[in-house]
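Listed below, chain by chain, are the residues.
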Amino acid sequence: MLFLKFYGLIFSGLKSWKRNSMRRTFYLLLIAVFASELTVGVVNVILPLYFRSLQLDMTRLNLIFTLFELGFLLSMVFIGKLSDTIGRKHFVAFSLLLHSVVSFLNAGATKIYEFAILRMLRSVASVSDHVIAPAYVSDIFKDGKGMKLGFLHAFRRSGMAIGGMMGGVFLGLLGFQSAFYFTSALTFVIFLFLITSAKEPPKQIVQVDIKRKLSPDLLKLGIVSIIIWIGIRSLIPTIFPVYISEAFNQPPQIVGVIIGAGLLFFALFNAIGGKLSDSFGVKNSSMVSMAFNALPLLLLFFAPNVIIASVLFLIIMAGHGIGNTAISTWALHLSRDHKKAQDYGTYRMISGIGAIPGLVISGFLADIFGIRSVFLFGAAIFILSLILIKTTLKD
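Residues numbered from 1 in each chain as written. Predicted model: local features only at pLDDT ≥ 70, side-chain atom pairs only at ≥ 80, totals over all residues. Heavy atoms only, no water.

Peer 1: Could you clarify how one ought to interpret the overall build of the protein in this entry?
Peer 2: Across its full length, the protein carries 15 helices and zero strands. By residue count, 53% of the 395 residues in the protein fall in the buried class. A sequence separation of at least 24 residues applies to 84% of the contacts in the protein between residues at least 6 apart. If you sum the accessible surface of the protein, you get close to 17,400 Å²; carbon and sulfur atoms cover 72% of it. (Helix = DSSP H or I, 4+ residues; strand = E, 2+ residues; numbered from the N terminus. Buried < 20%, exposed > 50% of the residue type's maximum accessible area, 1.4 Å probe, protein only. Contact = heavy atoms within 4.5 Å. Areas by Shrake-Rupley, 256 points an atom, 1.4 Å probe, with all protein chains shown as cover.)

Structure (structure tokens):
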């Protein structure tokens, strides 16, 4: 039924392309976030494998990916607020153009510091997908926003998954430069379509109270979510691709397919997480998610072959999907009155802090004790998260 609605929305949108400029803008936005996240998916598979081929240790590799998280956190609120004032269209278009330029420069990069700088620039472009695009949808539609936002997230996750698969194929068959040239051309073409055909909805400037504080319960959830993000970033986007490639001697094409399949599982179980949250509550669903993460990570330590390791990875990504929806829904429930967007944005900033120590610690552990030690660390983090959810948070 969900797929029928999806294709029905596509068909009705194509019919009204010319007569409804705002609906046309919505479809262009879906294509834009798909292309943007496809680019990120390609990069997330290519860079870890390419850097390891240069004998780069996991600590330095993860520090480069930490720059992405740091740039994302620092620019999130600033860019979001500017889009409230200036408008959504130009920021979404700018993010595509920035992706295009960064990909083009990536193709010619030869030094590690060049990749690091470009990685941080890409984080600024990625803010659009996570912050501005949902606000754009909310501006366009007065009714049915939930369904439209669901399609937006589906396009985002699909783009990331397909990008992961394509990244491995490009690297294995054509070389990493070809992947960057492809994503540069793709995002530039869609930038041209968006800047010439999309429309800006009427401005609805929101007054933001910078002194506003989160409710105590949402602040607690944010602190627990920092711990959860440490666990998530201890596995993806760097450790698992390198583990499959090196522990089981798999080519980039196979690595890309496995990562892409995991991201598709993540997308699917986001929807299942919504059903679980409605049926069993956000707290119980979040604890199920932590268990889905912890147990497979423990078993991954002993995985004897690539097939079992891949199945365990799919289960872990399913757990990520359930938790992503359950905890996001929980955070929105705990946001107060009409300032839900502001409260939720602040919560996202707090929780995202955990990505930085997750990357740093996992890289250090991988270099000192081996990559499999990171799985034990991740399992311990998710067990701790389950205990904290059970004992400190209210449904």
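Peer 1: Could you clarify how one ought to interpret the packing of aromatic side chains in this entry?
Peer 2: Here the distance between the centres and the angle between the planes together describe a pair of aromatic rings. In total, this model carries 18 aromatic pairs according to the counting rule given. For the pair F68 and F72, a centre-to-centre distance of 6.4 Å together with 10° between the ring planes defines the contact as stacked. Placement of the pair is F68 and F72 together in helix 3 (residues 58-86), with a separation of four residues, close to one helical turn. With relative accessibility at 11%, the residue F68 sits in the buried group. Geometrically, the ring pair formed by F188 and F191 is tilted, given 5.9 Å between the ring centres and 35° between the ring planes. Pair noted here: F188 and F191 are both in helix 7 (residues 176-197), with a separation of three residues, about one helical turn. Its relative accessible area of 14% is what places F191 among the buried residues. (Phe/Tyr/Trp six-rings, centres within 6.5 Å; stacked < 30°, edge-to-face > 60°.)

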